[in-house]
Amino acid sequence: MRITFDQFKGALANVSPMLLPPGYAQTAVNYRSDSGRIEPFGAALEIQSIAKPGDIRSILKLDDTWIYWTGVIEAIKAQLANSDWRIFYTGDGYPKQTDHTLGLSGLASTYPTEARRFGVVKPDAGQPLVVEPQGVGDGTIGDVFSYVYTRVTTWGEESAPSPATAVATLEGDQHVRLNNFRYGSIATTGNDIAYFRLYRLNSSASGSEYQLVRARPGNLSATAVYDIPVADVPDSLTYVYDANDGVTPDSLSDDLGAVIQSETWEAPPDDLHALVQCQGSFLAGLSANQICFSEPAYGYAWPVEYRLTLSHDGVGLGVLDGAVLALTTAYPTLAIGSDPASMQKKTLAYNQACVSKQGIVSTEAGVIYPSPDGLCLCDGMAVMVVTRKETYSRSQWKALNPENLVGFYHDGKYYGFFKGTATGIVFDFKGGKDVVSIDLGARLVYGGFVVPEEDALYLLVREGSTYYIDQWEGGASKLTAVYRSGRVQLPAAMNMGAARAVGDHNASAPAGIRLYAGGRRRKDHRVTDQKPFNLPSGYRADTVEIEYEGTGVLDRVQVAPTVQELIHG
């Protein structure tokens, strides 16, 4: 009688060893489980050490340079032309943005060296424009006017407007001068303001709108411009003129530009987090129990009316086709639509809270996240616990501390690492139910980053007191794989006396084969070839199981009472 162990898969922790289907494991560590062979994972490749002081918790590759933070950062690449590798990120105080020039402007130990606020702080309501009619009026009723102004950054981002000045009437032959423009310093606002824009109320038969004024900064003889350089208005006492002529003005400038766009363009909330890119060129994030959305194509502008209130506090966001999934402390909620001005909210009737924001991963099949019951998959219609029943019991899952899970979507699978440990899991959520564990030895994982252009997963790890960036499976050597089979029931008690292992192992890359019979460890054998080898005699048992440990590929292990039966079956 010959027993063959092959068609190897991962582990089903919640199934008794006696009831495991063929190929499934009691223990599965450090190997691919989708080919039927045991193929050990490649070792990680150390890319660099990190000199930045503190406990590093996030990494990101900016162009070809790594930057890092001591906080948990959520960052996305700006979808802008010629953006100098600009990124938007949350988790480091108020939302921020940086690019290649700013972020890499200092020493590597300071990366990202500089950043700016994500969103533009609007002018303070307590510092309104001062408006003064100028010139001798002719006694006739002239223009009706009111003004607002906005701030514009060096990146061309425009703030929401200042409070409007009181509506007033100008006499004929008069013009207006204004002052008390305030730009706010980088230190006080986080914005690098380069320009002011002045808008005037303009009435017509179809209504009234604020339109851009071609104004004269500093003095009447100055060249009229739509974008007023901050350098031309160095302090709040400097006048800006709304006049049609620089010599003998007798009315307001009639060279009006576009209607103001940014009337509702607030900066994102300071506590914004869980930043994601949505279809339709807009962004989404969370603030307490609200989902917030940006203006399409203007990621820095977050109108207050584009917010949806959740029944519970938000934990994190995932992205589905045509929807955003908000994971909360209780029920998941979908925000459905392609326009942030008309998103529809749908709370799903599944009480599956998210226990780790860093464990959320968006895939083409749905959003995966860790709940108290296991890994969940939401496809936009339902929420399924995909690691329930055979994979883990609820207590087994809880013992893994899923609140520490940091997840990645890589090679079509879910890779999860338990923060502060050297361990993780690989789960094929597209129909699989078995899990392979990861053991990195002395390297403790704290985060990571997937670079789609390279199809590469990078891990933030610590060994001793030093942090490193490692490329997953980037090394030439292999991790040590461990597989322990299910317990095979024999038709009668017998002595398995011979075995062989078929695969890619040799004297320089040996494999370890262990035989268990009757639940006891009977034999450890160092395999360097594919020849049969003897097993111990003097016992009889009615169950048999094998364990493999090695760095080579294993195709199958066979055991039998005699060498003849091993060879001939």
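Residues numbered from 1 in each chain as written. Predicted model: local features only at pLDDT ≥ 70, side-chain atom pairs only at ≥ 80, totals over all residues. Heavy atoms only, no water.

Draft legend 1. Examining the nonpolar core more closely. Membership of the largest hydrophobic core comes to 48 residues, with the highest contact counts inside it found for Tyr415, Phe417, Leu440, Trp472, Met496 and Val559. With residues up to four places along the chain from it excluded, the contact list for Phe417 reads Asn404, Leu405, Val406, Phe408, Thr423, Gly424, Ile438, Leu440, Val445, Leu457, Leu459 and Trp472. In terms of nonpolar packing, the next biggest core, distinct from the first, is built from 31 residues, Ile193, Phe196, Val230 and Leu275 among them. (Core = buried A, V, L, I, M, F, W, Y, C linked by side-chain atoms within 4.5 Å. Buried < 20%, exposed > 50% of the residue type's maximum accessible area, 1.4 Å probe, protein only. Contact = heavy atoms within 4.5 Å.)

Draft legend 2. Spatial organisation of the sheet that holds strand β28 (residues 333-336). What the four strands build is an open sheet, ordered β26-β27-β28-β29; its pairing is antiparallel. With partners counted over all chains shown, the strands left at the sheet margins are β26 (314-320) and β29 (344-347), one partner each. Averaged over all adjacent pairs, the angle separating strand axes in this sheet is 25°, with direction ignored. Examined bridge by bridge, strand β27 (residues 323-328) and β28 share four bridges and lie antiparallel to one another. Within the sheet, the bridge partner assigned to Val324 lies in β28 and is Ala335. (Pairing = 2+ DSSP bridges. Helix = DSSP H or I, 4+ residues; strand = E, 2+ residues; numbered from the N terminus. Axes fitted to C-alpha atoms, helices over the stretch in contact; angles between N-to-C directions.)

Draft legend 3. Up close: the pattern of salt bridges. By the definition in use, this model includes 28 salt bridges. We note a salt bridge from Arg514 to Glu547, for which the minimum N-O separation is 2.8 Å. Taken together, the positions of Arg514 in strand β44 (residues 511-517) and Glu547 in strand β47 (residues 541-550) put the pair 33 residues apart, joining distant regions of the chain. Each member of the pair, Arg514 as well as Glu547, carries the same accessibility label: buried. Each of the salt bridges in this network shares a partner with another, and the network as a whole consists of Arg514, Arg521, Asp524, Glu547 and Glu549. (Salt bridge = Lys/Arg side-chain N within 4 Å of Asp/Glu carboxyl O.)

Draft legend 4. Local environment of the pairing of strand β39 (residues 456-463). Of all eight residues in β39, six are buried; the element is thus mostly enclosed. Where strand β38 (residues 444-451) and β39 come together, seven bridges link them in antiparallel fashion. Within β39, the position partnered with Val451 by the bridge is Ala456. As consecutive antiparallel partners, β38 and β39 are separated by four residues, and within that stretch Asp455 has a phi angle of approximately 50°, a positive value.

Draft legend 5. Summary view of a negative patch on the surface. On the surface, Asp138, Glu171, Asp173 and Asp250 cluster together into a patch of negative charge. Relative to the assigned elements, Glu171 resides in strand β15 (residues 168-171). With a relative accessible area of 35%, Glu171 lands in the partly exposed category. (Patch = residues over 30% accessible without salt bridge, like charges linked within 9 Å, V, L, I, M, F, W, Y side chains within 5 Å. Areas by Shrake-Rupley, 256 points an atom, 1.4 Å probe, with all protein chains shown as cover. Lys, Arg positive; Asp, Glu negative; His and termini not counted. Charge placed at Lys NZ, Arg CZ, Asp CG, Glu CD.)

Draft legend 6. Main features of the packing of aromatic side chains. The final tally for this structure, using the stated rule, is 23 aromatic pairs. Taking 6.0 Å as the distance between ring centres and 85° as the angle between the ring planes, the aromatic pair formed by Trp265 and Tyr300 counts as edge-to-face. Taken together, the positions of Trp265 in the loop between β21 (240-242) and β22 (273-278) and Tyr300 in the loop between β24 (290-293) and β25 (307-309) put the pair 35 residues apart, joining distant regions of the chain. Here Trp265 falls in the buried class, since its relative accessible area comes to 5%. An aromatic cluster is present here, built from Phe41, Phe408, Tyr415, Phe417 and Trp472 joined pairwise through their rings. One Lys or Arg, Lys96, reaches over the ring of Tyr94 and ends 4.5 Å from the middle of that ring. Just above the ring of Tyr239 sits the side chain of Arg177; from NZ or CZ to the centre is 3.9 Å. (Phe/Tyr/Trp six-rings, centres within 6.5 Å; stacked < 30°, edge-to-face > 60°. Lys NZ or Arg CZ within 6 Å of the ring centre and 35° of its normal.)

Draft legend 7. Summary view of the sheet that holds β21. With antiparallel pairing, the four strands of this open sheet are ordered in space as β12-β16-β21-β19. A single partner strand is all that each edge strand has here, and the edge strands are β12 (130-134) and β19 (216-217). Here β12 pairs with strand β16 (residues 175-179) via five bridges, running antiparallel. Within β16, the position partnered with Pro133 by the bridge is Val176.

Draft legend 8. Quick peek at the side chain of Asp242. By the secondary structure assignment, Asp242 is in strand β21. Owing to a relative accessible area of 0%, Asp242 belongs among the buried residues under this scheme. Non-local contacts of Asp242, meaning those with residues more than four positions away in its chain, are made with Tyr147, His175, Val176, Arg200, Val213, Ser251, Leu252 and Ser253.

Draft legend 9. Quick peek at the state of the cysteines. Inspection of the entire model under this criterion finds zero disulfides. Unpaired in this structure, Cys376 has its nearest cysteine sulfur neighbour in Cys354, at a distance of 8.9 Å. Overall, Cys376 belongs to the buried group, its relative accessible area being 0%. Of all cysteine sulfurs in the structure, the one in Cys376 sits closest to Cys378, which takes part in no disulfide; the separation is 9.1 Å. (Disulfide = S-S within 2.5 Å.)

Draft legend 10. Spatial organisation of the side chain of His175. Within the secondary structure, His175 sits in strand β16. When its relative accessible area of 6% is taken as the criterion, His175 is described as buried. With sequence-adjacent residues up to four places away left out, His175 is seen in contact with Glu132, Pro133, Gln134, Gly135, Leu170, Leu220, Tyr241, Asp242, Ala243, Pro249, Ser251 and Leu252.

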